[in-house]
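# Examination of the molecular architecture
Here's the letter readout for the chains.
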Amino acid sequence: MRESDDSGELAALPDDLAGVRTALIEWYEADHREHPWRETDDPYAILVSEIMSQQTQLARVVDAWEEFLDRWPTVDSLADAARGDVVSFWSSHSLGYNNRAKYLHEAAGQIVDDYDGEFPDTPAELEELMGVGPYTANAVASFAFNNGDAVVDTNVKRVLYRAFGIPDDDDAFETVASDLMPDGESRVWNNAIMELGGVACGKTPRCDVAGCPWREWCHAYETGDFTAPDVPSQPSFEGSRRQFRGRVIETLGKYDELELSELGPRIRVDYGGDTGREWLRELVADLADDGLVAIDAAGDEVCVSLRE
Ligand code: SF4
């Protein structure tokens, strides 16, 4: 579990929840990876994509998904198919775990027989379908019906842990994830937060490169500690070092020059100790070697400025 801060309080969601939500949705809507199954709200097509994506690389899934839907375009057509044909489609497309094909075929039969061919639209009902676990049920409810709960997968946990200092505890993640999700917006929200975890806040974070919309609130970004439940030690030192280099440049852009003791606290709140003066001296020396900053040292006084 993450340690509490000096006041004994665990970090919590920022007061400006509306700002946090809007920033993420706008970031996602401005640009995101295209997955063909995110362009549809057909629950059948989404269910097929979710079942295929379990433990299979997405790049391999795209072609198989399109061919599958060409061959069995509706849930009725899949229910009518011979089980053996579905299984052999699965294995000939190297989708692995052929049981998933059997279950998918069986789920299609349940929808036709038990629901008159109409997909149920709640996570709880969807979970009654053969081979459909809580994650898949919630994904279909969210992406097809905009009626899901907040997704909490490994990526989302990593983001919440880093951004808001949520402790590594499933109940805490569930509570925070659902407090964070705007009501009735599970489709865009779950897509957006999963995109954040996949594109910006991966094991090696790409906060600045990916333009993470949560930098101004992010606990990890502020402290430079990018560990997470699935990233037990500081990831890619170079990754965070690059960020601090960027921050030095950005900060110096606002001043003619700064002494190290003035620059340090402006680029990290925990300036001091192992990440104090010596650390900063090295960082700016690297930047000077790269021709980006000028260092003016007189005795103990070390002033840094952007190179003209
Ligand atoms: S600022 Fe960085 S660490 Fe924080 S949520 Fe964004 S990508 Fe993750």
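The structure reproduced in this document is the subject of the present report.

### Examining helix α8 (residues 134–145)
The terminal C-alpha atoms of α8 lie 16 Å apart, and with 12 residues this matches the ideal 16 Å at 1.5 Å per residue to within 8%. Within α8, nine of the 12 residues are buried, which leaves it mostly tucked inside the rest of the structure. The set of residues buried in α8 consists of T136, A137, N138, A139, V140, A141, S142, F143 and A144. Remark: N146 follows α8 within two positions and exhibits a positive phi of approximately 50°.

### Considering helix α11 (residues 186–200)
For α11, spanning 15 residues, the distance from its first C-alpha to its last is 20 Å, which sits close to the expected 21 Å at 1.5 Å a residue. When you tally the buried positions in α11, you get 12 out of 15 residues, the bulk of the element. Of all the residues in α11, the buried ones are S186, V188, W189, N190, N191, A192, I193, M194, E195, L196, G197 and A200. Against the buried residues of α11 lie α1 (17–30), α8, α9 (154–164) and α10 (170–180).

### A short note on the site of the ligand
Taken together, R162, A200, C201, C207, C212, R215, C218, Y221 and F226 make up the full set of residues adjacent to the ligand. When grouped by side-chain class, the residues that make up the shell around the ligand number seven nonpolar, no polar and two charged.

### Details of a negative patch on the surface
A cluster of acidic residues, D256, E257, E262, D296, D300, E301 and E308, forms a negative patch at the surface. Here E301 lies in strand β3 (residues 301–306).

### Some thoughts on the pairing of β3
Two faces make up the sheet, and in a regular strand the side chains alternate between them. For strand β1 (residues 258–259) and β3, the ladder comprises two bridges, and the chain directions are antiparallel. Bridge assignment links L258 to a residue of β3, and that residue is V304. As judged from the six bridges shared by strand β2 (residues 293–298) and β3, these two strands associate in the antiparallel manner. Bridge pairing in β3 places A298 opposite E301. Hairpin connection, β2 to β3: the antiparallel pair is bridged by two residues, and G299 has positive phi, about 65°.

### Brief notes about the packing of helix α5 (residues 83–92) against helix α6 (residues 99–114)
Their axes nearest at 8 Å, the elements α5 and α6 cross at an angle of 140°. Taken as axis vectors, α5 and α6 run oblique relative to one another. The element α5 and its partner α6 pack so that their crossing is right-handed. Packed against α5, whose contacting residues are R83, V86, V87 and W90, the element α6 presents R100, A101, K102, L104, H105 and E106 at the interface. Class assignment of the residues belonging to the contact of α5 with α6 gives a composition of five nonpolar, one polar and four charged.

Criteria and thresholds
- Residues numbered from 1 in each chain as written.
- Predicted model: local features only at pLDDT ≥ 70, side-chain atom pairs only at ≥ 80, totals over all residues.
- Heavy atoms only, no water.
- Helix = DSSP H or I, 4+ residues; strand = E, 2+ residues; numbered from the N terminus.
- Expected span 1.5 Å × (residues − 1).
- Buried < 20%, exposed > 50% of the residue type's maximum accessible area, 1.4 Å probe, protein only.
- Contact = heavy atoms within 4.5 Å.
- Near = heavy atom within 4 Å.
- Nonpolar A, V, L, I, M, F, W, Y, C, P; charged D, E, K, R; others polar.
- Patch = residues over 30% accessible without salt bridge, like charges linked within 9 Å, V, L, I, M, F, W, Y side chains within 5 Å.
- Areas by Shrake-Rupley, 256 points an atom, 1.4 Å probe, with all protein chains shown as cover.
- Salt bridge = Lys/Arg side-chain N within 4 Å of Asp/Glu carboxyl O.
- Lys, Arg positive; Asp, Glu negative; His and termini not counted.
- Charge placed at Lys NZ, Arg CZ, Asp CG, Glu CD.
- Pairing = 2+ DSSP bridges.
- Axes fitted to C-alpha atoms, helices over the stretch in contact; angles between N-to-C directions.
- Parallel < 35°, antiparallel > 145°, perpendicular 65-115°, else oblique.
- Left-handed = near helix turned anticlockwise from the far one by under 90°.

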